[in-house]
Amino acid sequence: QVQLVESGGGRVQPGGSLQLSCVASGRVFSDSDMGWYRRAPGNQRELVAIISADGTTQYADSVKGRFTISRDNAKIAVYLQMNRLKPEDTAVYYCHYKESSFYHEALETTLGGDEYWGQGTQVTVFS
């Protein structure tokens, strides 16, 4: 069981900045993949940014150059620095954690690989 606690959402004017934070607790591992997704009204949930344990990142084209994802492997936390925000960035942002799978030799089976989601934090970009 993993719990994800998000913070940092709010309302800002276009061109402003926000930083989202997500701290994982429970049965967590530092080699997990973590990231942020968002769902705007009337849209499907979409990837914003992800970061692997080795620091490899992936961003949606719409946020490249404006958003930066980072992580703290000791704390098992992920952050999203959002700069030059636009009205189209308005959405509920969800923290995501994907447990790494592994082969358990004694049990002769693959374990782990579960995914967890935060409750979401609202980001509103409006004058």
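Everything below is about the structure printed above this text.
Residues numbered from 1 in each chain as written. Predicted model: local features only at pLDDT ≥ 70, side-chain atom pairs only at ≥ 80, totals over all residues. Heavy atoms only, no water.

Spatially, four strands are ordered β1-β3-β8-β7 in an open sheet, and the strand pairing comes out antiparallel. Each edge of the sheet is formed by a strand with only one pairing partner; in this case those strands are β1 (2-7) and β7 (67-72). Shown here is a sheet whose adjacent strand axes are inclined to one another by a mean of 15°, direction ignored. Across six bridges, β7 lies against strand β8 (residues 77-82) in antiparallel orientation. Each residue of the ladder has a partner; that of Thr68, found in β8, is Gln81. (Pairing = 2+ DSSP bridges. Helix = DSSP H or I, 4+ residues; strand = E, 2+ residues; numbered from the N terminus. Axes fitted to C-alpha atoms, helices over the stretch in contact; angles between N-to-C directions.)

Let's shift gears to unusual backbone geometry. The phi dihedral of Ile76 is positive, around 55°, even though this residue is not glycine. Of note, Ile76 is situated in the loop between β7 and β8. One non-glycine residue, Glu108, lies in positive phi territory at about 50°. As for its placement among the helices and strands, Glu108 is situated in the loop between β10 (101-104) and β11 (109-112).

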